[in-house]
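Summary of the model geometry
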Amino acid sequence: FWSATRSLDEARALLARAQHEQQVSVARQAAAERRQRELLDASLTAILIYDGRDGTLLYANPQALNRYGVSTLAELDPAWLAPGDGYGPEEARALIQRTLDKGPQEQWWCSRRRDGGLLWWDIKAQRMELDGRDAVVVFGHDISDQVAARSALAHAREELEQQVRSRTRELLQQQQR
């Protein structure tokens, strides 16, 4: 009887230790997840995380939300992320699949802000595992100002070339007189 009681007490103590260790492990994991989220939220880079199976947007950090002109993920319209013209839903799904199949991908991407303005990104897409399933994290830097400056420069160059051609014609006409 006493040895059975002692075995029962030892089993209870072992169970209590196991439960305590499990609680400590869960607390550590929660703290690690909290630190990861704090790092993602504090990043200067826009970060979007997509489900690898269906392409659903799972997470957007505050920098990404801010660039789109919203404050919560629920406000972020998926149509803004892939508005079309070479940057539509099919191209987005293809980018996610390429990332899953071939590894990290880097490219420019165009989307739209809440106000309808274009938003150009220099992105890097990378595969990751999230809660035991495939996901794709997209790190993006807003290059809209850079793209606008390049466009303005190209336009100014075209105007200058047109002026040079026009002035050259004028000079040739004057020489022929």
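All of these numbers come straight from a predicted model, not from anything done at the bench. (Residues numbered from 1 in each chain as written. Predicted model: local features only at pLDDT ≥ 70, side-chain atom pairs only at ≥ 80, totals over all residues. Heavy atoms only, no water.)

What to know about the confidence of the model for the protein
Confidence along the protein averages 92 in pLDDT terms, with 100% of residues attaining 70 or more. Here helix 1 (residues 2-42) stands out as the least confident element of the protein, with mean pLDDT 86; strand 3 (residues 105-112) is the most confident, with 97. (pLDDT = per-residue confidence, 0-100. Helix = DSSP H or I, 4+ residues; strand = E, 2+ residues; numbered from the N terminus.)

Some details on the sheet that holds strand 4 (residues 118-130)
Spatially, 2-1-5-4-3 is the arrangement adopted by the five strands of the open sheet, whose pairing is antiparallel. The open sheet is flanked by strand 2 (57-60) and strand 3, the only strands paired with a single partner. Within the sheet, the average angular offset between the axes of one strand and its neighbour, ignoring direction, is 30°. Strand direction decides the pairing type here: strand 3 and strand 4, joined by eight bridges, are antiparallel. When the sheet's bridge partners are listed, Gln105 is paired in strand 4 with Ala125. Against the sheet, helix 4 (residues 89-102) engages strand 1 (46-51), strand 3, strand 4 and strand 5 (133-142), with an angle of about 160° to strand 3. (Pairing = 2+ DSSP bridges. Axes fitted to C-alpha atoms, helices over the stretch in contact; angles between N-to-C directions. Contact = heavy atoms within 4.5 Å.)

Details of the packing of aromatic side chains
The full count for this structure, using the stated rule, is four aromatic pairs. With a centroid separation of 5.2 Å and an interplanar angle of 85°, the aromatic rings of Tyr87 and Trp109 are classed as edge-to-face. Of this pair, Tyr87 sits in the loop between helix 3 (78-81) and helix 4 while Trp109 sits in strand 3, placing them 22 residues apart in sequence. Here Trp109 falls in the buried class, since its relative accessible area comes to 8%. Ring plane angle 65° and centroid distance 6.3 Å describe the contact between Trp108 and Trp120, whose orientation is recorded as edge-to-face. With Trp108 in strand 3 and Trp120 in strand 4, this pair connects stretches of sequence that are 12 residues apart. (Phe/Tyr/Trp six-rings, centres within 6.5 Å; stacked < 30°, edge-to-face > 60°. Buried < 20%, exposed > 50% of the residue type's maximum accessible area, 1.4 Å probe, protein only.)

A closer look at the nonpolar core
One finds Leu48, Tyr50, Tyr68, Leu76, Leu81, Trp121 and Val138 to be the most contacted residues of the largest nonpolar core, which totals 23 residues. If you list the elements that add at least two residues to this core, you get strand 1, strand 2, helix 2 (62-68), helix 3, helix 4, strand 4 and strand 5. At four residues, strand 4 tops the list of elements feeding residues into this core. For Trp121, the residues in contact, after removing those within four places along its chain, are Ala46, Arg67, Tyr68, Gln107, Trp108, Trp109, Ser111, Gly140, His141, Asp142 and Ile143. (Core = buried A, V, L, I, M, F, W, Y, C linked by side-chain atoms within 4.5 Å.)

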